[in-house]
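Structural description and commentary
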Amino acid sequence: MSMTRDSILKVENLQTFFKTRTGLFKAVDGVSFDLQRGKTLCVVGESGSGKSVTARSILQIVDKPGKIAGGAIWLNRADGTTVDLAKLDPRGEEIRRVRGREIAMIFQEPMSSLSPVHRIGEQIGEALRIHFGTPKAERRERVLDLLRQVEIPRPETAIDRYTFEFSGGMRQRVMIAMALACNPQVLIADEPTTALDVTTQAEILDLIKRLQQSHGMAVLFITHDMGVVAEIADEVLVMYRGRVMEHGSVDAVFHAPKDDYTKRLIGSVVRLEHKAEIRLKRADIAADAPPLLDVRNMSLTFPSGLKAVDDVSLIVRPGETLGIVGESGSGKTTMGRCLLRIYDPQAGEINYRRADGSSIDLRLADKPQLKELRREVRMIFQDPVGSLSPRKTVGQIIAEPLKLAGMRGAELDDRVAELMQQVGLEPAWRERYPHAFSGGQRQRIGIARAIAVKPRLIVADEATSALDVSLRSQVLDLMMKLQDELGLSYVFISHDMSVIRYMCDRVAVMYRGRIVEAGDTDQVVNRPTHDYTRALLSAIPHPDPRDRRIQNRFRYVAPTVPANG
Amino acid sequence: MLRYIARRLVFAIPTLLAVSIIAFIIIQLPPGDYLTTLMADWASQGGAVEAGTVAAMRERYGLDQPMYFQYYKWMAGILLHGDFGISFELGKPVTELIWSRLGFSLMLSLLTLCFVWAVAIPIGILSAVRQYSISDYAATFLAFFFLAVPDFLMALGAMYVMSVWFGQSVGGLFSPDYVDAPWSFAKLLDLANHVWLPVIVIGLGSLAALVRIMRANLLDELSKPYVTTARAKGMSEFELLIRYPVRLALNPLISTLGWILPAVISGEIIVSVVMSLPTTGPLLLRALLAQDMYLAGSLILLISVLTIIGTLISDILLAMTDPRIRLT
């Protein structure tokens, strides 16, 4: 076994298998890499590629029935000795001494990865108690110090709070503080920014980088986003179905990729750098066409006093996509729901032009009118898992709005089959349940359901945020294809400027309930006038390691103290 | 937190009022009243009563007045003077009859609750952690078995086994020597010797339900990501189990207190009749049979009050253990 001085962890031919009823599933099959002090290795791949299992194998915390079946994981310890982690008993004391002390880990979902009923100070300090038996008072001091390092405001009060009192980005900072508690040599980060906004993601990536430099840690970073890889990696390992497809320096992987799969992954991010071809080719929508939706001075204040939507005016023309962009808490989702009257805005007008040319104010529409109008204005949701009933077959889910519209029998069956084909699903799969489909396919089911009753306007709320980058452009392409075929208009809500840039004709930027900038997408993207827009744009990871932008990004600071907190 | 408790307390008041009305209506539901039952008894013994006497008695007991007025008089008595009315049959104030028995009922219920929790939690944990093992299947089988056997049958069976095979004195809470004796250490010891059998018999039915709930809760929690996080910190498996998933799985269990308590109390009534325990159970049965309305009504009311207090306690406990609830 040869190891250079700076090598901390060396994985050789790692195999992790899951014994299932249908046979042996090789989640990780022959993966090798090594981690250097102060360097970042990114493991990249789509969901199901085995990248997470690789990370978990190192600490032997693979979920049952997964087991390390072969290979070695050499850890070079601070005292000069070396140990093979793969040989240790997963429940034994030896591996426990490594976990959290020499190798620490952070996870994707900071909410569910932290206990909701324990104070964060307690959870952060726990590793100190376990590994060093640090007394309580000293532990508290150290936790406060850690909270300062991860830049959580007012650490003295934050330490006694619970996770649900923090925002997503702050929760991830808590996770990082927890991982740093024992000054580990290696930090494993398993998709730590996937559940976050683009701007929050940029901040967390920044923080990890800085802490890595000050602590001299090796970082193993798991992600599906090639843009993130380009921003932070020193070395890249591309995985597909448990195997390594390509391994090399970040520059080599991006600028001279050898493997087709790598090229495809890079391609899917690079595509989102520009406007979609299908949109470049299309003739512009006449600026004087009578708008389908004309919202004027709409406002909504929640009973808590939070002004979620503040004097919003916008128009959507027939056949057009209007993008609404902003970070979480900007009120964009609430605004979208007001359009369907899921929430009732207190002021303003929502003028909707019906097919016969007459206009109706959705804000004042009564129940029977709304029932009819909700056939014309429909919604696609973010979470493709939560928004499909697990107890209904795909055929039943898509048929639901049709049945409500009174369709029955053979006509209904034919229509469902037609819809499934339209969104790129096999009609033969209609008897299957949602869990049998991948994330991208589930979102297609959601789209089929939305277009079933031939709507005219679709409000898509973060429709692609839960998907891998490689699937994102596919779903967006599908939505644009359907738009052209069916003459649909979209209100496309997203926190990600890159998807907005890819498919929207016009865009409105929301910040704290207000629209701070609106205009043609090209103009807003290339010549933003508002600083907040500039901040959003500069937070998008740039898929070129030779031009790293996140660290020099533009940060927006609100001019006044926010009332909404 | 204090505001939360205050709000819960305020909510308890209308519930109590509704319970008292329902209790009173239930007592009135069977056709006739105490006097009709009494007349029927006398008639069956060959005696005849003049119609005038009945009318006079009805007036004396206030039974000729409309129902809402009788309810008003009863409630006013309770609230203003702590007077629960008079037992027709025994001719004594209800208060005098029930306090000592209510004490035993309360003691029996609390002991049963403690027993059920103390046994159900470890068994539930064991069968969740060792899911689909022999011990899990055994616990599951026994749980469903005891869930299916009615209380009275269990009481009879337990009494038979204990007295015939082990020669224990069963029935009642004391040996004959101690029933009327003043309280002493020896009497307490005697009580301890007797009380465990009814506690087990009453508890077994609820025990089964709690084991199943604990197992299901814990199985949900065991696969949560925060368990992996704790494991990645280097915590030992046992400490991890107790500190995280078990701690969270207990929360839904605490809220079961609200319905376990009524189950225990109604179980206690039936078992007490079979095992002739000096609790409210046999008294209530007798009062209901005789249509002794103030006695029966007061008993039902007090038992319901205990249940509402139990629910209140479970709400407060839940708020103490789960910070997410305190917020709302």
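Conventions and cut-offs
- Residues numbered from 1 in each chain as written.
- Chains lettered and ligands numbered in written order.
- Predicted model: local features only at pLDDT ≥ 70, side-chain atom pairs only at ≥ 80, totals over all residues.
- Helix = DSSP H or I, 4+ residues; strand = E, 2+ residues; numbered from the N terminus.
- Buried ≥ 20, exposed ≤ 12 C-beta atoms within 10 Å, placed from the backbone.
- Contact = placed C-beta atoms within 7 Å.
- Core = buried A, V, L, I, M, F, W, Y, C linked by C-beta atoms within 7 Å.
- Domains from an automatic or database assignment.
- Nonpolar A, V, L, I, M, F, W, Y, C, P; charged D, E, K, R; others polar.
- Expected span 1.5 Å × (residues − 1).

The next point concerns the overall build of chain B. Counting secondary structure elements, chain B contains 14 helices and zero strands. When its helices and strands are written in sequence order, chain B yields α-α-α-α-α-α-α-α-α-α-α-α-α-α. A principal-axis box enclosing the C-alpha atoms of chain B has dimensions of 85 × 55 × 40 Å. Split into buried and exposed, the 328 residues of chain B put 32% on the buried side. If you take every contact in chain B between residues at least 6 apart in sequence, the share linking residues at least 24 apart comes to 73%.

Attention now goes to the nonpolar core. One finds Val 186 and Ile 398 of chain A together with Leu 299 of chain B to be the most contacted residues of the largest nonpolar core, which totals 230 residues. When residues in this core are grouped by element, the largest group, 11 residues, is from helix α8 (residues 185–222) of chain B. Domain assignment of the residues forming this core places at least three in each of domain 1 (7–271) and domain 2 (277–387 + 454–527) of chain A.

With that out of the way, let us pick up the domain arrangement of chain A. Residue and element names in this part refer to chain A. For chain A, the domain assignment lists domain 1 (7–271) and domain 2 (277–387 + 454–527). Here the C-alpha centroids of domain 1 and domain 2 sit 37 Å apart. Contacts between the two partners involve 13 residues from domain 1 and, on the opposite side, nine residues from domain 2. Listing elements by their share of the side of domain 1 that touches domain 2, those giving two or more residues are α7 (198–215) and α10 (260–271). Broken down by element, the side of domain 1 that touches domain 2 gets its largest block of residues, four residues, from α10. Here the side of domain 1 that touches domain 2 is composed, by residue class, of four nonpolar, five polar and four charged.

Bringing helix α1 (residues 2–28) of chain B into the picture now. Residues and elements named next belong to chain B. Taking 1.5 Å as the rise per residue, α1 with 27 residues should run 39 Å; its terminal C-alpha atoms sit 40 Å apart, in good agreement. Of the positions making up α1, those classed as buried are Ser 20, Ala 23, Phe 24 and Ile 27. For α1, the elements touching its buried residues are α4 (67–81) and α13 (293–321).

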